[in-house]
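Listed below are the residues making up each chain.
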Amino acid sequence: QVQLVESGGGSAQAGESLRLSCVVSGSYFRINMMGWYRQAPGKQREMVADITTGDLTRYHDSVKGRFTISRDNSKGAVYLQMDRLQPEDTAVYYCAVNLGPGMGMRPEFWGQGTQVTVDS
């Protein structure tokens, strides 16, 4: 059974950095998309960043220039380097993947979430 395990969350001061990791385990044939979503209190879940196996990336406008997404297909892993964190980045961050078999990029499996808290 496919599982997504996130790590790297925690607390930080504004301006500091955190790095999130997500590793996919279990049986799968391919990964179309790996990405990160977040949900802050009272807010809808939103896409933060995602990346395809062709290295196409997307970022939410609020994190452009501050966050960097990358992946390692050999490890089934995706990373989110978060620099110059702001209090508005406080949220639960969820790893998400699409494993096909089609060409879809929408999230299919989700991690359990990891809390990121940024203090002023």
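One can find the structure itself at the top, above this paragraph.
Predicted model only: the values in this text are computed from it and were never measured.

Undergrad: So what's going on with the overall build of the protein? Residues and values would help.
TA: Scanning the protein from terminus to terminus reveals zero helices and eleven strands. Secondary structure elements in the protein, listed N-terminal to C-terminal, are β-β-β-β-β-β-β-β-β-β-β. By the compact-globule yardstick of 14 Å for 120 residues, the protein fits well, its C-alpha radius of gyration being 14 Å. Pairs at least 24 residues apart make up 54% of the contacts formed inside the protein by residues separated by at least 6 positions. Surface summary for the protein: the accessible area is close to 6300 Å², and the carbon and sulfur share equals 50%. Positive and negative side-chain charges in the protein, numbering 12 and 12 respectively, have mean positions lying 5 Å apart.

Undergrad: Before we move on, could you go through the side chain of R38 and cite the residues and values that matter?
TA: Relative to the assigned elements, R38 resides in strand β4 (residues 33-39). Look at R38 and you get buried, because its relative accessible area is 5%. A polar contact of 3.1 Å, which involves the side chain of R38, links it to the side chain of S62.

Undergrad: Account for the nonpolar core, with residues named and values stated.
TA: If you look at the biggest cluster of nonpolar residues, it comprises 27 residues, and the most contacted ones within it are W36, V48, F67, V78, L80, M82 and Y93. Secondary structure elements with two or more residues in this core: β3 (18-25), β4, β5 (46-52), β7 (67-72), β8 (77-82), β9 (91-98) and β11 (114-119).

Undergrad: An account of the packing of aromatic side chains is requested, with residue identities and associated values reported.
TA: The geometry of an aromatic ring pair is captured by the separation of the ring centres together with the interplanar angle, meaning the angle of the planes. This model, assessed by the stated rule, comprises two aromatic pairs. Ring centres 5.2 Å apart and planes at 70 degrees place the aromatic pair Y37 and W110 in the edge-to-face group. Here the residue Y37 occupies a position in strand β4, and W110 occupies one in strand β10 (residues 109-110), the gap between them amounting to 73 residues. On the numbers, 6.5 Å between centres and 85 degrees between planes, the contact of Y94 with W110 is edge-to-face.

Undergrad: Any details on the environment of Y28? Residues and values, ideally.
TA: Here Y28 lies in the loop between β3 and β4. Overall, the relative accessible area of 26% leaves Y28 in the partly exposed class. With near-sequence residues (within four places) excluded, Y28 lies in contact with G76 and L99.

Undergrad: Before we move on, could you go through the environment of L85 and cite the residues and values that matter?
TA: Within the secondary structure, L85 is located in the loop between β8 and β9. Classification of L85 by relative accessible area gives buried; the value is 2%. Not counting residues within four places of it along the chain, the set of residues in contact with L85 comprises A12, A14, G15, E16, S17, L18, R66, F67 and V118.

Reading guide: rules and limits
Residues numbered from 1 in each chain as written. Predicted model: local features only at pLDDT ≥ 70, side-chain atom pairs only at ≥ 80, totals over all residues. Heavy atoms only, no water. Helix = DSSP H or I, 4+ residues; strand = E, 2+ residues; numbered from the N terminus. Rg over C-alpha atoms; globule rule 2.2 N^0.38 Å. Contact = heavy atoms within 4.5 Å. Areas by Shrake-Rupley, 256 points an atom, 1.4 Å probe, with all protein chains shown as cover. Lys, Arg positive; Asp, Glu negative; His and termini not counted. Charge placed at Lys NZ, Arg CZ, Asp CG, Glu CD. Buried < 20%, exposed > 50% of the residue type's maximum accessible area, 1.4 Å probe, protein only. Polar contact = N/O pair within 3.5 Å; in protein donor to acceptor, adjacent residues only side chain to side chain. Core = buried A, V, L, I, M, F, W, Y, C linked by side-chain atoms within 4.5 Å. Phe/Tyr/Trp six-rings, centres within 6.5 Å; stacked < 30°, edge-to-face > 60°.

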